[in-house]
Amino acid sequence: MPKIGIVTDNTCDIDPKQLEEMGIGYVSLYVKWKGKFERAVDIDTDDFYEFLITSDYIPATSQPTPQDFEEVYKQMLKDYDELISVHLSGKLSGTYNSARIAAKEVDEKRIHIVESYEATWGLGYLVLELKKLIDSGDYNVEELKSFVEHFQEKVNVYFTVGSLNYLAKGGRIGKATAFVGSMLNIKPLLKLENGEILPVKRIRGYNKIIKELTSLAMEEKGKGELKNITVEHTGSLKLGGDLLDELVKLGVPREKIIFEPMDIIIGMHLGPDSGGIVTTWE
């Protein structure tokens, strides 16, 4: 059985130190703020969200370059026979395409670029589950690729935003453009499905959006057994905390829930006062 490694990117929300400890390679997307491009992994999350809240300027993002990927691939191939490279949904970023270009330059027979259709902890849980399968030694590359391609069928990603302006400016709004211009006293409920941001419904009232978002995130998939759950926010502890409290009211053990700010690349495109819930199922 060949030795198989994983490469991902910072939008998976797994701490880079943990990725390194697990032997998982990663690349970072870039953020342009304060007049220059910086790697997202080099920016303090709390500082960035504070900047986003207080500034009228909306930072820009950029995918990793093919050269960024080439560097990681060459290093990883010193230790692994083959690589599975899984990244932020290709419908949300050019990261997937940069990976494909780099793989052709390095060794496309040994590097397998697989579309995840995911973002944030949807991608993170995919990477962690993939690592477990590889470590078990029971799966070949084709079986692992199939696992990645079908993982989205066991994931719920629901969220709301303080304003659709950030998604609209970044071009990531997808079919949720139907909500633009109708935000007065209305909160949009959105989801990530097939790698694309889609509208679910408009909801009047803050308390109602908390209950509806939580209810949808907890809809069972697969065999119906909740495996992982994360509440994420863009620096808004109130929104995140209220989602967390609602989950606990529904009977989810507090110790089972990851609660944290989301990666700044995704968070920047959602904007301040945004947050959501990611669940995965057996």
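Scroll up to find the structure.
Below: a short report on this structure. Computed from a predicted model, the values in this text were never measured in an experiment. (Residues numbered from 1 in each chain as written. Predicted model: local features only at pLDDT ≥ 70, side-chain atom pairs only at ≥ 80, totals over all residues. Heavy atoms only, no water.)

Considerations on the overall build of the protein chain
Step number 1: The helix and strand inventory of the protein chain stands at 10 helices and 13 strands.
Step number 2: Taken over the C-alpha trace, the protein chain has a radius of gyration of 18 Å; the compact-globule value for 282 residues is 19 Å, and the two agree within 12%.
Step number 3: With the C-alpha coordinates of the protein chain rotated into their principal frame, the extents come out at 55 × 50 × 30 Å.
Step number 4: Looking at the protein chain as a whole, 55% of its 282 residues qualify as buried.
Step number 5: Considering only residue pairs separated by 6 or more positions, the protein chain has 73% of its internal contacts joining residues 24 or more positions apart.
Step number 6: For the protein chain, the computed accessible surface area is about 12900 Å², with 46% contributed by carbon and sulfur atoms.
Step number 7: Between the mean site of the 34 positive side-chain charges and the mean site of the 45 negative ones, the protein chain shows a separation of 5 Å. (Helix = DSSP H or I, 4+ residues; strand = E, 2+ residues; numbered from the N terminus. Rg over C-alpha atoms; globule rule 2.2 N^0.38 Å. Buried < 20%, exposed > 50% of the residue type's maximum accessible area, 1.4 Å probe, protein only. Contact = heavy atoms within 4.5 Å. Areas by Shrake-Rupley, 256 points an atom, 1.4 Å probe, with all protein chains shown as cover. Lys, Arg positive; Asp, Glu negative; His and termini not counted. Charge placed at Lys NZ, Arg CZ, Asp CG, Glu CD.)

Points about the packing of aromatic side chains
Step number 1: A full pass over the atoms with the stated rule returns seven aromatic pairs.
Step number 2: Plain terms: the ring middles of W33 and F51 are 5.2 Å apart, the flat faces sit at 80° to each other, and that makes the pair edge-to-face. Here W33, found in strand 3 (residues 30-33), pairs with F51, found in helix 2 (residues 45-54); they are 18 residues apart in sequence, far enough to count as distant.
Step number 3: Cluster of aromatic residues (ring-pair linked, three or more members): W33, F48, Y49, F51 and Y57.
Step number 4: Here the basic side chain of K3 rests over the ring of Y80, its NZ or CZ set 5.2 Å away from the ring centre. (Phe/Tyr/Trp six-rings, centres within 6.5 Å; stacked < 30°, edge-to-face > 60°. Lys NZ or Arg CZ within 6 Å of the ring centre and 35° of its normal.)

Let's talk about a negative patch on the surface
Step number 1: On the surface, D44, D46, D47 and E50 cluster together to form a negatively charged patch.
Step number 2: Here D47 shows up in helix 2. (Patch = residues over 30% accessible without salt bridge, like charges linked within 9 Å, V, L, I, M, F, W, Y side chains within 5 Å. Salt bridge = Lys/Arg side-chain N within 4 Å of Asp/Glu carboxyl O.)

Focus on the sheet that holds strand 9 (residues 186-193)
Either a parallel or an antiparallel arrangement is found when strands of a sheet pair, and the pairing is made through backbone hydrogen bonds.
Step number 1: One open sheet holds the six strands; their spatial order is 10-9-8-13-11-12, and the pairing between them is mixed. Each having just a single partner strand, strand 10 (196-204) and strand 12 (257-261) make up the two edges of the open sheet. Averaged over all pairs of adjacent strands, the angle between strand axes in this sheet comes to 20°, irrespective of strand direction.
Step number 2: Relative to strand 12, strand 11 (residues 226-233) runs parallel, the two sharing five bridges. (Pairing = 2+ DSSP bridges. Axes fitted to C-alpha atoms, helices over the stretch in contact; angles between N-to-C directions.)

Some details on the pairing of strand 10
Step number 1: Of the pairings in the sheet, the one linking strand 9 to strand 10 comprises eight bridges and is antiparallel in character. Across the sheet, the residue bridging to L189 is K201, located in strand 10.

Quick look at the nonpolar core
Step number 1: In this structure, V31, F48, V86 and L130 are the most contacted members of the largest nonpolar core, which totals 54 residues.
Step number 2: No other element matches helix 5 (residues 120-136), which puts nine residues into this core.
Step number 3: The two domains that each donate at least three residues to this core are domain 1 (2-28 + 63-150) and domain 2 (153-279).
Step number 4: Not counting the four nearest positions on each side in its chain, F48 is found in contact with V31, W33, I43, P59, I264 and M268.
Step number 5: Formed by 20 residues, the second largest nonpolar core is a distinct cluster that contains I210, L239, L247 and W281. (Core = buried A, V, L, I, M, F, W, Y, C linked by side-chain atoms within 4.5 Å. Domains from an automatic or database assignment.)

Let's talk about the side chain of K131
Step number 1: Mapping K131 onto the fold places it in helix 5.
Step number 2: Engagement of the side chain of K131 in a polar contact is seen with the backbone oxygen of M22, the distance being 3.1 Å.
Step number 3: Residues within four places of K131 in sequence aside, it is in contact with I6, M22 and I24. (Polar contact = N/O pair within 3.5 Å; in protein donor to acceptor, adjacent residues only side chain to side chain.)

Observations regarding the sheet that holds strand 5 (residues 60-62)
Step number 1: Ordered by their spatial adjacency, three strands build an open sheet running 4-3-5, and the pairing between neighbours is antiparallel. This sheet does not close on itself; its edge strands, each paired only once, are strand 4 (36-39) and strand 5. Strand after strand, the sheet turns through a mean of 30° between neighbouring axes, direction not considered.
Step number 2: Examined bridge by bridge, strand 3 and strand 5 share three bridges and lie antiparallel to one another.

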